[in-house]
Amino acid sequence: MPVSPELAEGLAAAVADLYEAAEGVLIGKIRRALAEGIDSPVWVELKLAAVGNLQAAITEVIAALQADASGAIGQALAEAYGRGQQAAVAELGALGVGQAAAAAAVLPTAPVVDRLAQAVIADTGPVHLRMLRQSMDVYRDVVSRAAAAPVLGAQTRRQAAQSALDAFADRGVRGFVDRSGRSWELRSYVEMAMRSAVGRAAIEAHSDRLGAAGVDLVIVSQSPEECPKCRPWERKILARTGVPGAREVQVEHATEDGEMVTVEVAGSLPEARSAGLLHPNCRHSISAYLPGVSRVPEPQASRGTYEDTQRQRYYERQIRKWKRRDAAALDDAAGKAARARVRAYQARIRELTAETGLPRKRHREQLTTAR
Ligand SMILES: [Zn+2]
């Protein structure tokens, strides 16, 4: 069975889910803290006195999240590495070249998994502080605006609180910038960091296992929704390890002793990966290439374009945004309006998937709520 980042992507969602759920809990805590006594003439004083309580409650949520997340990250990576290994074993078995037995010895997972887990923990480190800071900022902002305009009544206060909560629910905790300078919201940022790590774990496991079975060459699949970055590598043969650069190599036939075969190698697997192949969300996969036995697949027509898939991702983000708005609604009318927007974007996804034949990904339209 070939390996692709997709093989382990679902594992990334489990960690991102924890963050999204915690974000929902934070919005709920701020909402309740603001709503309590909102009609009281001494609301501002009450709210200022309760800043410490809210901060303590939020700190507690974040500490629990951190503990859950570090366990979940290690678990997801170990599972991803296991899946990558299993994929290689299944693939070698199906090829029936007598190498499955050589590959059956279990490779140690710990060093790779630890290294990747440390990278994710380092990438997500600043997230926790930012969750606390931005939550407290929303609360303080609403209270200080009300304090600055004491003549305005409870109704105005309620409106100000609602619009600040809406804005927070929309943007969530954000401001995470990746190495390429792009800004991300909380869930996407965590998911991106995790996807990249679990994808790497699965691919490294697969490649390590093929190596243990003496397979040195791999082939890149044909993908129905290819990304521009991967196009140059599609249907190309790569050396699992070794020097970069395209070349012709003479290798022994996989099943005929002593027979040599000429293979055109497009470069090395690490070279292709650092050029972007098998990036997070990549639909390409890698399989063992057995000289003289494996065939290069025929080119295939695309199912929706890359732009179509990006449009689908946009609609999915809008659905989640309006679901968060619904969760932050202080009254029925605001909730109803938010749910109407959710339905409108769902309708657009139905149209898009019907038109292009792209598969619908309902889990991406769902908001994770606290357990
Ligand atoms: Zn790709």
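What this report covers is the structure whose coordinates are included nearby. As the structure is a computational prediction, the values presented were derived from the model and not from experiment. (Residues numbered from 1 in each chain as written. Predicted model: local features only at pLDDT ≥ 70, side-chain atom pairs only at ≥ 80, totals over all residues. Heavy atoms only, no water.)

### Notes on the overall build of the chain
Here is the rule: The secondary structure listing takes helices from DSSP runs of H or I that are at least 4 residues long and strands from runs of E that are at least 2 residues long, numbered from the N terminus. Burial here depends on accessible area, computed with a 1.4 Å probe over protein chains only, as a share of the maximum for the residue type. Under 20% is buried, over 50% is exposed, and the range in between is partly exposed. The contact criterion used is simple: two residues touch if any of their non-hydrogen atoms lie within 4.5 Å. Per-residue and other accessible areas were derived by the Shrake-Rupley procedure at a 1.4 Å probe size, with only the shown protein chains allowed to occlude residues. In this tally, Asp and Glu contribute negative charge and Lys and Arg positive charge; neither His nor the terminal groups of the chain are included. We put the charge of a Lys on NZ, of an Arg on CZ, of an Asp on CG and of a Glu on CD.
The number of helices and strands found in the chain is 10 helices and eight strands. By its C-alpha atoms, the chain is 90 × 45 × 30 Å across when sized along the principal axes. Going through the 371 residues of the chain one by one, you find that 48% of them count as buried. Sequence-distant contacts in the chain: of pairs separated by 6 or more residues, those separated by 24 or more amount to 79%. By element, 52% of the accessible surface of the chain is carried by carbon and sulfur atoms, the whole surface being about 17800 Å². If the 49 positive side-chain charges of the chain are averaged to one point and the 44 negative ones to another, these points end up 7 Å apart.

### Brief notes about the environment of M136
Looking at the element boundaries, M136 is found in helix α5 (residues 110-148). The exposure class of M136 is buried, given its relative accessible area of 2%. A sequence separation of 42 residues divides M136 from D178, and the C-alpha atoms of the two residues are 24 Å apart. Beyond its immediate chain neighbours, meaning those up to four positions away, M136 contacts V51, L54, Q55 and I58.

### Details of helix α7 (residues 186-212)
Three or four residues apart is the spacing at which side chains of an α-helix point the same way, because the helix has 3.6 residues per turn. We apply this condition: Each residue after the first adds 1.5 Å to the expected span of a helix.
In a regular helix each residue adds 1.5 Å, so 27 residues correspond to 39 Å; α7 covers 39 Å between its end C-alpha atoms and thus fits that length. Where burial is concerned, most of α7 is hidden: 21 out of the 27 residues are buried. Positive phi shows up at G214, right after α7, with a value of about 80°.

### A few points about the pairing of strand β3 (residues 217-220)
The test is simple: Whether two strands pair depends on DSSP finding at least two bridges between them.
Alternating positions in β3 separate into two faces, L217 and I219 on one and V218 and V220 on the other, with burial throughout. In this structure, β3 lies alongside strand β4 (residues 237-239), joined through three bridges in antiparallel fashion. Following the sheet pairing, I219 is matched in β4 by I237. Sheet topology note: the β3/strand β8 (residues 286-288) ladder contains three bridges and is antiparallel. Pairing of V218 across the sheet is with A288, part of β8.

### Considerations on the packing of aromatic side chains
Under the convention used in this document: Aromatic rings from Phe, Tyr and Trp, taking only the six-membered ring of Trp, are treated as a pair when their centres fall within 6.5 Å; an angle between ring planes under 30 degrees marks them as stacked, one over 60 as edge-to-face, and anything in between as tilted.
In the structure shown here, the tally under the stated rule is two aromatic pairs. Ring geometry for Y314 versus Y315: centroids 6.0 Å apart, planes at 55°, classification tilted. Aromatic side chains Y315 and Y345 sit 6.2 Å apart centroid to centroid with 40° between the ring planes, which places their arrangement in the tilted category. Of this pair, Y315 sits in helix α9 (residues 306-328) while Y345 sits in helix α10 (residues 332-356), placing them 30 residues apart in sequence. Under the relative-accessibility criterion, Y345 is labelled buried at 9%. Taken together, Y314, Y315 and Y345 form an aromatic cluster joined through their ring pairs.

### Some remarks on the side chain of H284
Defined as follows: We define a polar contact as two N or O atoms separated by no more than 3.5 Å, with the added condition that, inside protein, one atom must be a possible hydrogen donor and the other a possible acceptor, whereas residues neighbouring each other in sequence contribute only through side-chain atom pairs.
Here H284 shows up in the loop between α8 (269-274) and β8. A distance of 2.8 Å separates the side chain of H284 from the side chain of E234, its partner in a polar contact.

### A few points about the sheet that holds β4
The mixed open sheet is built from four strands, whose spatial order is β7-β4-β3-β8. Unpaired on one side and paired on the other, β7 (267-268) and β8 mark the two borders of the sheet.

### As for the environment of E191
Position of E191 relative to the elements: it lies in helix α7. Residues E191 and G10, 181 residues apart in the sequence, show an inter-C-alpha distance of 9.8 Å. Leaving out residues up to four positions away in the same chain, E191 has contacts with A12, A13 and A16.

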